[in-house]
Structure formats: structure tokens, C-alpha cells
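Below, each chain spelled out in residue letters.
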Amino acid sequence: MMKDSTTNNVEKTLSFDVNKIRKDFPILNTIAHGKKLCYLDNAATTQKPEIVIETLNNYYKTKNANIHRGIHYLSEEATKAFEESREKVKKFINAKSNKEIIFTRGTTESINLVANSFGRVNLKENDEIIISQMEHHSNIVPWQLIAAEKNAKIKIIPINDKGELILEDFEKLISEKTKLVSIVYVSNSLGTINPIKEIINKAHKFNIPVLIDAAQAVSHFPIDVQALDCDFLAFSGHKIYGPMGIGVLYGKENLLDMMPPFMGGGDMISKVTFEKTTYNDLPYKFEAGTSNVADAIGLGTALDYTKNIGFENIQSHEKELLDYATEKLSKIEGLTIIGQAEEKGCVISFCLDNVHPHDVGTFLDFEGIAIRTGHHCTQPVMDRFKIPATSRASFALYNTKEEIDVLAAGIKKVVEVFS
Amino acid sequence: MDDELKELYQQVILDHNKSPRNFRELGNHNHSSEGYNPLCGDKVNIFLDIEDKIIKDVSFVGSGCAISKASASLMTTILKGKTTEEAKDLFEKFHNLITGNDDSEIDIEEMGKLAVFAGVKEFPSRVKCAGLAWHTMISALKGESKTVTTET
């Protein structure tokens, strides 16, 4: 975890009771293949606390209406709750203004929005976008699409054997042709926490804006967009105990202001005639069509939930889990951990000699253990380490050391069967 | 081990995974194809030496899970000496076996060793693993090899 953010607040740590927290998540009581569910696939999606599920339920029971349109009671209630949720997001990432918070379907849509809107007006032939070798496909393909259209190029910051960005190479890639740097905060397949602040500072020296893919960061440590000074930041609700289908794009107001709309439709306009349409103000300019109101409100509740538990607690608990799992798994013969960065989040990707990750996944499933196997939508990372796939265990605030013991025992069983 | 899991990972499958048969590139192949499962990164290359519509020799290389590797390995042991028509017919039967297609009567006897893959139908996510080598073989049968062989 990040060195500067793991200060132990003894009082808060003591008040953190993982067994109590587990009671907030009904799904954790699941019995899978006759075994107690051991959910270690949190980098794929996190489970939802009762309070979030209740929020969704209540919304449809008591508030459901279309927002920003009706003058009736329900529409006003729904609009109020929706905008309150935007305010919660703003505070959560410390944005300056609600105008900078755009609701999207998720990180992928947020990045596509920037690629299509910012990219469309700012890229010309031979311009360059810098990304890294550890990006999720969702921070590669949108850039390839717009680059192909504009004849622009994508430059890649390479990674070292530990799975860390080679920053000297980043500096070499920057030129007057660079129009944007788009980088992942925490790698979903390696766990690496990138030195985002340093990257942003370097890019800003050349007035290059930076987009941060914070999908794997947002539930693990606090994010302050003003302190980071990032120009865009994207994350998904479902990775921070919120619903699927809702996400956020943060963008600096001055940048969003000069960007054209991504999609056209209702709500994003102020006046439409067949001759000319004027667009609505921020953030509505980027929220065409009926919004995902229920899930946006659910996300607000999820952020409240996370805040109430407190990042000091979350960070110290998750660091304990990561250290314990790293030590425990490293001891298994034939197991190699892929991604050994100094600054690492709650992800352990591993390979076993002679056992393919798919077989690991199927065997562990029968032990009630949910992990992810495959390339994790980061095929360039797999190519970099010359492996077809990995098995990945990823932790969240409700995981326990006992679950890591179950995982380690499960892996040992798999090794036995295949030896 | 759980019974359902045992059914999937039968000893024959574990054995073929550990020591795959015909795991090499055929020097004198005249048909070949590459199969790739983008979802899991499994790769398999099938090589066929066909003369007068008879599969004289068959081999494979690639990387993948136990199911896909054992499936490719067993397939090569069974196809040797078969006609291309018989190979296509076996593909259909194997496909029905692993997908649990109820419309077809599956004669387990006729399937011989391939019957060990009957457990796959209980694992929808693994059907593609078992089928990859077979699909690749069919694609190799259909097209002339683009791979330059050592014979030319």
C-alpha cells in the first residue's frame, strides 16, 4: 500500500471489526458447492452492503421518476436524491464543483467519453497519446479507435520485471506531439500502485493533461483530485460496494467546458431547433438520455458506507491481508507471484508450475473460493511476462485471514492433484 | 475431490495433460490451423498430414488448461488413420457430448476414450476448452496449410 497513507490510527483500527462488517454483506453467507463462500474476486466486482441494496429498493418503492423533467412530486424527489449523490461523489474525491462530476455507466464509458470528446477536438495527424503497458483494455482500445480515426499514435510506457512503470522511459516519450497521458492508478492484474502524482507533475510541465483510471484505486485509499491535480479521473461504482452500471468521470471544469458532447439526446440540451441546438450546462451536457438514477443514488450510499468505515481502517486491514497472503502464498512450492511492485494494492496474481490458471479456478471454485483466472483484460501484461494467464486473488474490506488460509489450502490441493 | 470435479478431471485427462501425446509440429504436414480462445488465452496449433482423404498423421502444439490440452492430445491419438469424413463425424459427436446436446443419441461405446469428456457438459465455462482443438482441426481440414513445411 502507499507509504504515505498507511498511518495507523490506533483508535479507529480497534473499532474495525471485520466480523461485524461481514454482517453488512448478505451475499457473504452464500454456500458455494457445499462450502462457505470465500469471495476473493473483488478486483472484478465488490459485493454490496445491505444498505446499498436497500437504497435501490427504496428508490423504486418511493422515489422512482424521471429526473430534471417533471414538475411533479416524485420527479422532484428523484432529482433531489440524484443531485445529492453527485454532491457525495464530489466530496468523496474532493472535486471543486458538482459540474465536474459526470455520471456514466462505468470506467469504460468514462474513458470512451474523453477519447471521443476530448480526443476528437484535440488530436490531429501524428499526435500522440501516452498510455502504459499495464493498462486494462478499456484504457487501450478507446485510444486505438480515436487514433485510427485521426491518424494519431499511441506510445507505451514499459514496465519492469516487478511490474512497475519505467518512469525514465515515460520522460523520453513526452514530446510536443503528446496530447494526453492516460494511466491506470492501480493495476488490476499486477496490483502495482503507480506514482500518479509524479506522472501528473511531469506531464503538466509540458501542459499535457492526464487521465487517471482509478477503477482499482477508489475503494482502497482516499483520492483527492485537487491534490493530485489530475485533469480527468474515471471510476466505477461496482468496484466500491456500489451498483453495477454506474460510474463517474471527473474532469476539470475548464476542460469539460471546451469539450463537445459525447452523446446527443435529451437532458443534454438547452434548446433544440432543426437549424441549431444549444447544449446544456455542465455536467448535463455529458449526460444524454435518462440517467441511471437508482444506481447513481446507490453509489452515493456506497460512498457513505466506505467513508463511515474510514480509509484508515480499510487501508490497515487490507495491508494486513495483502502481507499475510503474500507470505502464505509465496511459501507454496511452484507458485510465482506476478507483480511484485514496492507499492502494491490488494491484488495477488500468481502462476503455478504445471497447472493452468483455468484448472486452478475450477478446483478452487469447488472449495467455495471465487478468484479470477485469465488475462484480466490486460493481454499486453500477459505478453510482457510471457504467460497466457494468471490466477488472481483480490481482497476487500470484508475479507479475513481465515479466507486466505482457505485459499492457500485450496491451492495446495490443486498442486497435489496435478503433480 | 468432489464427484462432479472428479468426473471432469478424470485420470485419463490428468495423464494426457501431464504427458500430451503427439505434442510436436509435424515436419511433413499439408494442413494446419491455429486455434485461439481470446477469453482465456488458450492457443493450439493442429498439424495434419492427409493423403487420399486419410489422416496419415496428426499432431499439435500449444498452451492451455488441462481440459484443452488433454482434449487435443486424445484427439490426435484417435484421428490417426481415420478418413476426413470420419473425422468430421467424430467432431459432431464430440461436440454433442461436451455440450450435452439432448437431441442426439450419444453412443458412449462408440466414443471410446473420448467419453472421458462427458463431464465437461456440467461446466459451461469449460466447453470451449474441450472444443478448441476439435474446431481447429476442422478448420485445418477445410483449408490448405499456409504454413511452409520443411518439405518444400
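Keep in mind that what you see is a predicted model, and the values were worked out from it rather than measured. (Residues numbered from 1 in each chain as written. Chains lettered and ligands numbered in written order. Predicted model: local features only at pLDDT ≥ 70, side-chain atom pairs only at ≥ 80, totals over all residues.)

A. Focus on the overall build of chain A. Scanning chain A for helices and strands turns up 15 helices and 17 strands. In terms of overall dimensions, chain A has C-alpha extents of about 70 × 55 × 40 Å along its principal axes. In chain A, buried positions account for 50% of the 419 residues. In chain A, 72% of the contacts between residues at least 6 apart in sequence involve partners at least 24 apart. (Helix = DSSP H or I, 4+ residues; strand = E, 2+ residues; numbered from the N terminus. Buried ≥ 20, exposed ≤ 12 C-beta atoms within 10 Å, placed from the backbone. Contact = placed C-beta atoms within 7 Å.)

B. Structural context of the pairing of strand β5 (residues 128-132) of chain A. Residues and elements named next belong to chain A. Most of β5 is tucked away: five of the five residues are buried. By the alternation rule, side chains of β5 split into Glu 128, Ile 130 and Ser 132 and Ile 129 and Ile 131, which are all buried. Here β5 runs beside strand β6 (residues 153-157); their pairing, made up of five bridges, is parallel. In the strand pairing of β6, Ser 132 is matched with Ile 157. Traced from β5 through helix α6 (residues 141-150) to β6, the parallel crossover comes out right-handed. Examined bridge by bridge, β5 and strand β7 (residues 178-184) share three bridges and lie parallel to one another. For Ile 130, the partnering residue across the bridge sits in β7 and is Val 181. (Pairing = 2+ DSSP bridges. Right-handed = clockwise from strand over helix to strand, strands pointing away.)

C. Region of the structure containing the interface of chain A and chain B. Contacts between the two partners involve 14 residues from chain A, matched on the other side by 16 residues from chain B. Of all the secondary-structure elements, those providing two or more residues to the side of chain A that touches chain B are α13 (357-365) and α15 (401-418) of chain A. A per-element tally of the side of chain A that touches chain B places α13 of chain A first, with four residues. Its residues placed into classes, the side of chain A that touches chain B shows seven nonpolar, six polar and one charged. (Nonpolar A, V, L, I, M, F, W, Y, C, P; charged D, E, K, R; others polar.)

D. Geometry of the domain arrangement of chain A. Residues and elements named next belong to chain A. Domain annotation for chain A reports domain 1 (3-49 + 310-418) and domain 2 (53-307). For domain 1 and domain 2, the distance between their C-alpha centres works out to 27 Å. Contacts between domain 1 and domain 2 engage 30 residues on the former and 30 residues on the latter. Looking at the side of domain 1 that touches domain 2, the elements that each hand over two or more residues are α12 (311-330), β14 (347-352), α14 (379-384) and β17 (390-394). Top element by residues in the side of domain 1 that touches domain 2 is α12. It accounts for four residues. (Domains from an automatic or database assignment.)

E. The sheet that holds strand β10 (residues 247-251) of chain A, seen in detail. All names here are of chain A. Sheet architecture is open: seven strands sit in the order β4-β10-β9-β8-β7-β5-β6, paired in mixed fashion. The sheet is open, and its two edges are formed by β4 (101-104) and β6, each paired on a single side. Here the strands of the sheet are splayed against their neighbours by 20 degrees on average, with no regard to which way each runs. (Axes fitted to C-alpha atoms, helices over the stretch in contact; angles between N-to-C directions.)

F. Highlighting the packing of α13 of chain A against α15 of chain A. All names here are of chain A. Between α13 and α15, the shortest axis-to-axis distance is 10 Å and the interhelical angle comes to 120 degrees. Here α13 lies oblique to α15, going by the angle between them. Classified by chirality, the crossing of α15 by α13 is right-handed. Seen from α13, the contacting residues are Val 360, Phe 363 and Leu 364; seen from α15, they are Gly 410, Lys 413 and Val 414. (Parallel < 35°, antiparallel > 145°, perpendicular 65-115°, else oblique. Left-handed = near helix turned anticlockwise from the far one by under 90°.)

G. Representation of the nonpolar core within the structure. In terms of nonpolar packing, the biggest core is built from 114 residues, with Val 210, Ile 212, Ala 214 and Leu 233 of chain A touching the most fellow members. Broken down by element, the residue count for this core peaks at nine residues, all from helix α11 (residues 293-309) of chain A. Two domains each put at least three residues into this core: domain 1 (3-49 + 310-418) and domain 2 (53-307) of chain A. Within the second largest apolar cluster, 36 residues are counted, among which are Ile 46, Met 75, Ala 133 and Trp 134 of chain B. (Core = buried A, V, L, I, M, F, W, Y, C linked by C-beta atoms within 7 Å.)

H. Main features of the sheet that holds strand β13 (residues 335-338) of chain A. Residues and elements named next belong to chain A. Strand order in this open sheet of four strands is β13-β14-β17-β16, and the pairing throughout is antiparallel. Each edge of the sheet is formed by a strand with only one pairing partner; in this case those strands are β13 and β16 (372-374). Strand after strand, the sheet turns through a mean of 30 degrees between neighbouring axes, direction not considered. Across three bridges, the pairing between β16 and β17 is antiparallel. Among the inter-strand pairings, Gly 374 is bridged to a residue of β17, identified as Thr 390.

I. Representation of the confidence of the model for chain A within the structure. For chain A, the mean per-residue pLDDT works out to 95, and 97% of the residues sit at or above 70. Confidence drops under a pLDDT of 50 for residues 1-13 of chain A, and excluding neighbours within four residues, the segment shows 23 contacts in the predicted structure. (pLDDT = per-residue confidence, 0-100.)

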